[in-house]
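Analysis of the macromolecular model
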Amino acid sequence: MMRFCGILQRIALSYLVVALVEIFTKDSHEENLSTGRFSIFKSYYWHWIVGVSVLVIYLATLYGTYVPDWEFVVYDKDSILYGNSQSVTCGVRGKLNPPCNAVGYVDRQVLGINHMYHHPAWRRTKACTNDSPYEGAIRQDAPSWCHAPFEPEGVLSSISAILSTIIGVHFGHIIIHMKGHSARLKHWISTGLVLLTLGLTLHFTHLMPLNKQLYSFSYICVTSGAAALVFSSLYSLVDILEWKHMFLPLKWIGMNAMLVYVMGAEGILAAFFNGWYYRHPHNTLIDWIREHVFIRVWHSKRVGVLMYVIFAEILFWGLVTGVFHRFKIYWKL
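These numbers were taken from a predicted model, which means no experiment stands behind them.

Count 3.6 residues to each turn of an α-helix, and residues three or four apart come out pointing the same way. Over its 14 residues, helix 11 (residues 285-298) runs 19 Å from end to end, which matches the ideal 20 Å to within 8%, given 1.5 Å per residue. Its axis deflected by about 30° at glutamate 291, helix 11 carries its strongest bend there. Listed as buried for helix 11 are Ile286, Phe294 and Ile295. Those residues of helix 11 that are buried are in contact with helix 10 (268-274) and helix 12 (301-326). In the segment just after helix 11, histidine 299 is the residue with positive phi, at about 55°.

Shown next, in the form of structure tokens:
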């Protein structure tokens, strides 16, 4: 019943593939690029060959794989169907819906359904719960796939994530080969706008919807394009305008990323505090702060949760890692 995949495994796979490409093709890179508009792409053509190959494999599998009917046993002890066998009717090819996509089919065949994530994000859809878009009890008339596991960091979607890493490494190559601020920003912003436009076009024309669970190509384009624009903004503020002090918390978080991931993102510290409650398991200090200090103040759950994340998580961990930096304490592998 152990889950095999996860975000760290996905990062490891992507970094491994791209690092090997970087290492074995290092002699083919030109130190001084020509003035051509696409010279940097030509210099790292092996990276883009790998990227295109990854995309072709992903799209061919996603749209070309036949997904038959399948069955599963409900292992969620909170479900009224616990221990029962459920069936899902598919018999289709090229579908991107929750029950019948090729991403889930590949994971069921390769990983085994018992080794997949048992609380997927699709349980928060309107088809599954009346509390959508938040988590809640699964409706009694919900389709059977609402009770099924799905691996958001599975085999096929992780292969697709390699392309995101290649794009990120490309943005890093800009720093190496382009020395002027204007040249770097021009390339980052233009590339980011092209990716963002392409991804949104694919989404709104319904050719390929944005889907993080499937790690669709449109999702890669939008997130990579947005990352390029955000990075360009931070680069302008920190490296050009030298507004460094106001971004020190983000720098400290980056210097102690492993600590923040384990204790913060994985909820280890929050789990410790949530172990202490008053009268009811949901009446913890963290729940009280989220509800009374943020949600009720803003009179909106979405805005309140956003403010909680910004101030009680990001800023909090920025200050904690700042103290760790002051005493030169870092978590490393």
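Per the UniProt record, "transmembrane region" (unreviewed entry) is found at residues 45-66, 155-176, 188-208, 214-238, 259-278 and 305-324. The straight-line gap between the two end C-alpha atoms of residues 214-238 is 35 Å; of that span, 88% is helix and 0% is strand.

With that out of the way, let us pick up the state of the cysteines. Using the criterion set out here, one finds 2 disulfides in the structure. Through a disulfide, cysteine 90 is tied to cysteine 100; the S-S separation comes to 2.1 Å. Here the S-S torsion is close to -90°, and the disulfide linking cysteine 90 with cysteine 100 is therefore left-handed. One end of the pair, cysteine 90, is in the loop between strand 3 (85-88) and strand 4 (92-93); the other, cysteine 100, is in the loop between strand 4 and helix 4 (102-110), with 10 residues separating them in the sequence. For cysteine 100, a relative accessible area of 6% translates into the label buried. Here cysteine 128 is linked by a disulfide to cysteine 146, with a sulfur-sulfur distance of 1.9 Å. Handedness of the cysteine 128-cysteine 146 disulfide follows from its S-S torsion of about -80°: it is left-handed. Here cysteine 128, found in the loop between helix 4 and helix 5 (155-177), pairs with cysteine 146, found in the loop between helix 4 and helix 5; they are 18 residues apart in sequence, far enough to count as distant. When its relative accessible area of 0% is taken as the criterion, cysteine 128 is described as buried. In the protein chain, the cysteines engaged in disulfides, taken in order along the sequence, are linked 1-2, 3-4.

All right, on to the environment of tryptophan 145 then. Looking at the element boundaries, tryptophan 145 is found in the loop between helix 4 and helix 5. A relative accessible area of 17% places tryptophan 145 in the buried class. Distance in space between the C-alpha atoms of tryptophan 145 and alanine 270 is 31 Å, their sequence separation being 125 residues. Residues in contact with tryptophan 145, not counting those within four places in the same chain, are Val88, Pro98, Pro99, Trp122, Thr125, Ala127 and Cys128.

Right, let's talk about the side chain of serine 232 for a bit. Looking at the element boundaries, serine 232 is found in helix 7 (residues 217-240). Relative accessible area serves as the criterion here: at 3%, serine 232 is assigned to the buried category. Engagement of the side chain of serine 232 in a polar contact is seen with the backbone oxygen of alanine 228, the distance being 2.7 Å. Ignoring any residue separated from it by four or fewer positions in sequence, one finds serine 232 in contact with Leu185, Trp188 and Ile189.

Calculation criteria
Residues numbered from 1 in each chain as written. Predicted model: local features only at pLDDT ≥ 70, side-chain atom pairs only at ≥ 80, totals over all residues. Heavy atoms only, no water. Helix = DSSP H or I, 4+ residues; strand = E, 2+ residues; numbered from the N terminus. Expected span 1.5 Å × (residues − 1). Bend = angle between axes of the 7 residues up to and from the residue. Buried < 20%, exposed > 50% of the residue type's maximum accessible area, 1.4 Å probe, protein only. Contact = heavy atoms within 4.5 Å. UniProt positions renumbered as here; feature names shortened; annotations may be inferred. Disulfide = S-S within 2.5 Å. Polar contact = N/O pair within 3.5 Å; in protein donor to acceptor, adjacent residues only side chain to side chain.

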